[in-house]
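Residue strings, one per chain:
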Amino acid sequence: MRGIVKVFPGVRALDGVDLEVRAGEVHCLLGQNGAGKSTLIKVLAGAHEPDEGEIVWQGEELRLTTPLAAMKHGIATIYQELDLVDGLSVAENIYLGHELAAGGFSRRGDTQREAAALLDRLGHREISPRREVGTLSAAGKQIVSMARALSHDVKLIVMDEPSAVLDQEEVARLFKVIRDLTGEGVAVVYISHRLEEIRQIGDRVTVLKDGRTVATGLSARDTPTRELTRRMTGRDIEYVFPERVSPDGDGAVVLGVRDLAASGVFSRVDFDVRAGEIVGLAGLVGSGRSEILETVYGARKATTGSVSVNGKRLRNGSVRAAVGAGIGLCPEERKSQGLLLDESVYRNVSLATLGRFARGGFLDRRGERKAAQEHVRALDVRPGDVDRAVRTLSGGNQQKVVLARWLLRDCRVLLLDEPTRGVDVGARSEIYALIRRLAADGVAVVLVSSEVPEVLGLADRVLVLREGLVVHSGPAHEIDEHRVLDLVMEGSAV
Ligand SMILES: Nc1ncnc2c1ncn2[C@@H]1O[C@H](COP(=O)(O)OP(=O)(O)OP(=O)(O)O)[C@@H](O)[C@H]1O
Ligand SMILES: [Mg+2]
């Protein structure tokens, strides 16, 4: 790709980007939230037409007018926001579009057999081709998108933050697939905000900043982290976690979770969170982490056990009771759970706190806007214009908007599920500091993250879960990443 320019109303998203990808390599695309990564790969996928610049594919200039045209040339893309059809089966999604090519015929048995073979190749035999896509987890959907890409004769496969919805074990499986593909000469463009992944899987790196290529052809293995973050952000980032305030917590117990269980999902979970304390839950996807948060929040009914706030027991399975007691949940799948994409940033931020801005039947719009503005600034949402529609923000910036909403709310107990997913290195440290500040103000925080270093770095106390059971509980500073992974993996078939 040479000199690619793409302009949206008010934003020059790409301002002359160059990218050169070789057969058989894993080419990593790095850049802060809003740098232009997704826009660039949408141009490559035929989803956006560039205003300037050219794409040269195997020596010839290529004009892509539709995503199908890109597919036909062997360019497949797995988008950050997955584009599957929920009502259709796994097999139907994989072969969507193929049917057209085959003259409208759909040979059910064949497509199901072929879909099963593709899923097997991806190491996910457990996903049935017959299953309705809407019932899969975000990770499952990701796998189906991959299978769809492989169902074409693919020469270049672009992955936009695939690991954002995967846990460590699933990332390991994905990397095996990537190695198999590159071994066959397929080129991979890989986008991620996790630098340790770039080291593991990448060959060369291109860095985008403000819609421009600022570095290219860097070695993924040997370029120091400092240099990568400096190229991305233009400054030196001390990627550190805030200091823990009270390691052994002398605040009063705010959240009490006693022998909580949801049959078939998790059992006998028992922990307290004191005012000012951050408790982290670590475990694989499917270990019950998110379900525990949902149960504490009342969105899921407990089969036994209890949840109490300030010593007062909450009604089982009632979100209303939980919210009334001051519990807030920032959910894992934020897209589907509450962003109003066509509304402005500030409306989205203040959505959960409208009560605070009600003045005798009217909304105090100025107060609402000001509060939203402060949070948008604190989280470094870009662009910082709070009147923009959320839809026009990059993936990581949308993430920050939802997070801002929950941080703006006054909660006694804040349940955070994957708070920094898709967020760049610069903004992460801001978010960590903000969470720590909330805790220091007396909020009891429960944190779920598939990134073990994040749990260990931010939490005061850690619970490690395996298949719905708490297998370890103790101060975060007494356990390291290897031990957590051992605990998490023990007995699993990896
Ligand atoms: N449809 C659109 N309309 C207007 N502006 C857009 C649109 N899509 C993207 N932008 C803007 O283009 C810029 C680049 O966005 P892009 O999604 O490519 O960033 P990104 O590098 O993928 O970021 P992230 O890491 O957060 O996913 C941002 O300023 C974004 O707000
Ligand atoms: Mg993006």
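Taking an unreviewed UniProt entry as the reference, the protein chain is identified by name as Sugar ABC transporter ATP-binding protein belonging to Jiangella asiatica.

Novice: Would you mind showing me how to read the overall build of the protein chain here?
Specialist: In terms of helices and strands, the protein chain carries 17 helices and 22 strands. By its C-alpha atoms, the protein chain is 70 × 50 × 50 Å across when sized along the principal axes. In the protein chain, which comprises 494 residues, the share counted as buried stands at 53%. Considering only contacts within the protein chain whose residues lie at least 6 apart along the sequence, 66% involve residues at least 24 apart. Of the roughly 21,700 Å² that the protein chain leaves accessible, carbon and sulfur atoms contribute 48%.

Novice: Help me out: how do you make sense of the site of ligand 1 in this one?
Specialist: In the vicinity of ligand 1 there are 22 residues, among which K37, T39, T392, S394 and G396 approach most closely. One of the side-chain N or O atoms of H193 is found 2.9 Å from an oxygen atom in ligand 1. Contacts to ligand 1 include S394, whose side-chain N or O atom sits 2.7 Å from an oxygen atom. When ligand 1 is considered free in solution it has 640 Å² of accessible area, and contact with the protein chains removes 87% of it. Those elements giving two or more residues to the shell around ligand 1 turn out to be β2 (11-17), α1 (37-44) and α14 (395-408). Within the shell around ligand 1, the residues separate by chemical class into 6 nonpolar, 13 polar and 3 charged.

Novice: Honestly, helix α9 (residues 225-233) in this entry has me stumped. Any pointers?
Specialist: For an α-helix the count is 3.6 residues per turn, leaving residues at separations of three or four pointing the same way. All of the buried residues in α9 are L228, T229, M232 and T233. Buried residues of α9, seen end-on, are gathered within an arc of 110° and therefore sit on one face of the element. Contact partners of the buried residues in α9: β3 (26-30), α8 (195-201), β9 (204-209), β10 (212-219) and α15 (425-440). A positive phi of about 80° marks G234, the residue just after α9.

Novice: What is the right way to read unusual backbone geometry from this model?
Specialist: Residue R382 is joined to P383 through a cis peptide bond whose omega torsion reads -10°. One non-glycine residue with positive phi stands out, namely E467, at about 45°. Take E467: it is sitting in the loop between β21 (461-466) and β22 (469-475). Assessed through its relative accessible area of 64%, E467 is described here as exposed.

Novice: Whenever I open this one, the nonpolar core confuses me. Can you help?
Specialist: In terms of nonpolar packing, the biggest core is built from 79 residues, with L255, F271, V296, I327 and L415 touching the most fellow members. The residues touching L415, leaving out its near neighbours within four places in the chain, are L293, V296, Y297, I327, G328, L329, C330 and V446. Membership of the second largest hydrophobic core comes to 51 residues, among which are L118, V171, L174 and L195.

Novice: I'm lost on a negative patch on the surface in this one. Help?
Specialist: Together, E196, D480, E481 and D486 line one region of the surface with negative charge. Along the chain, the position of E481 falls in helix α17 (residues 481-489). You can call E481 partly exposed: its relative accessible area is 30%.

Novice: Just checking my understanding: could you explain the packing of aromatic side chains for this structure?
Specialist: Describing an aromatic ring pair means giving the distance of the ring centres and the angle of the ring planes. Summed over all chains, the structure comprises 2 aromatic pairs. A ring pair is formed by F175 and Y190, whose centres lie 6.0 Å apart and whose planes are at 70°; its orientation type is edge-to-face. Here the residue F175 occupies a position in helix α7 (residues 168-183), and Y190 occupies one in strand β8 (residues 187-191), the gap between them amounting to 15 residues. Residue classification places Y190 among the buried positions, given a relative accessible area of 0%.

Novice: Quick question: what am I supposed to make of the pattern of salt bridges here?
Specialist: A complete count under the given rule lists 29 salt bridges for this structure. Between R436 and D460 there is a salt bridge, and its shortest N-O distance comes to 3.0 Å. Taken together, the residues R436 in helix α15 and D460 in the loop between α16 (452-458) and β21 connect sequence positions 24 residues apart. On the basis of relative accessible area, D460 is assigned to the buried category, the value being 3%. Residues joined by salt bridges that share partners form a network here, namely R194, E197, R428, E451 and E454.

Novice: Looking at this structure, I do not really get the sheet that holds β8. What am I missing?
Specialist: Backbone hydrogen bonds are what pair the strands of a sheet, in a parallel or an antiparallel way. On the basis of which strands lie adjacent, the open sheet formed by 6 strands has the order β6-β7-β8-β3-β9-β10 and mixed pairing. With one partner strand each, in any of the chains shown, β6 (75-78) and β10 form the two edges of the open sheet. Sheet twist, expressed as the average angle between the axes of neighbouring strands with direction ignored, equals 15°. Of the strand pairs in this sheet, β6 and strand β7 (residues 156-160) are connected by 4 bridges, and their pairing is parallel. Residue pairing in the sheet places T77 in a bridge with V158 of β7. The strands touched by helix α6 (residues 138-150) within the sheet are β6 and β7, with β6 carrying the most contacts at an inclination of about 175°.

Novice: Explanation requested: the side chain of Q112 in the structure shown.
Specialist: Position of Q112 among the secondary structure elements: in helix α5 (residues 108-121). Owing to a relative accessible area of 16%, Q112 belongs among the buried residues under this scheme. Excluding residues that lie within four positions of it along the chain, Q112 makes contacts with A91, P129 and R130.

Rules behind the numbers
Residues numbered from 1 in each chain as written. Chains lettered and ligands numbered in written order. Predicted model: local features only at pLDDT ≥ 70, side-chain atom pairs only at ≥ 80, totals over all residues. Heavy atoms only, no water. Helix = DSSP H or I, 4+ residues; strand = E, 2+ residues; numbered from the N terminus. Buried < 20%, exposed > 50% of the residue type's maximum accessible area, 1.4 Å probe, protein only. Contact = heavy atoms within 4.5 Å. Areas by Shrake-Rupley, 256 points an atom, 1.4 Å probe, with all protein chains shown as cover. Near = heavy atom within 4 Å. Polar contact = N/O pair within 3.5 Å; in protein donor to acceptor, adjacent residues only side chain to side chain. Nonpolar A, V, L, I, M, F, W, Y, C, P; charged D, E, K, R; others polar. Arc of directions from axis to C-beta. Core = buried A, V, L, I, M, F, W, Y, C linked by side-chain atoms within 4.5 Å. Patch = residues over 30% accessible without salt bridge, like charges linked within 9 Å, V, L, I, M, F, W, Y side chains within 5 Å. Salt bridge = Lys/Arg side-chain N within 4 Å of Asp/Glu carboxyl O. Lys, Arg positive; Asp, Glu negative; His and termini not counted. Charge placed at Lys NZ, Arg CZ, Asp CG, Glu CD. Phe/Tyr/Trp six-rings, centres within 6.5 Å; stacked < 30°, edge-to-face > 60°. Pairing = 2+ DSSP bridges. Axes fitted to C-alpha atoms, helices over the stretch in contact; angles between N-to-C directions.

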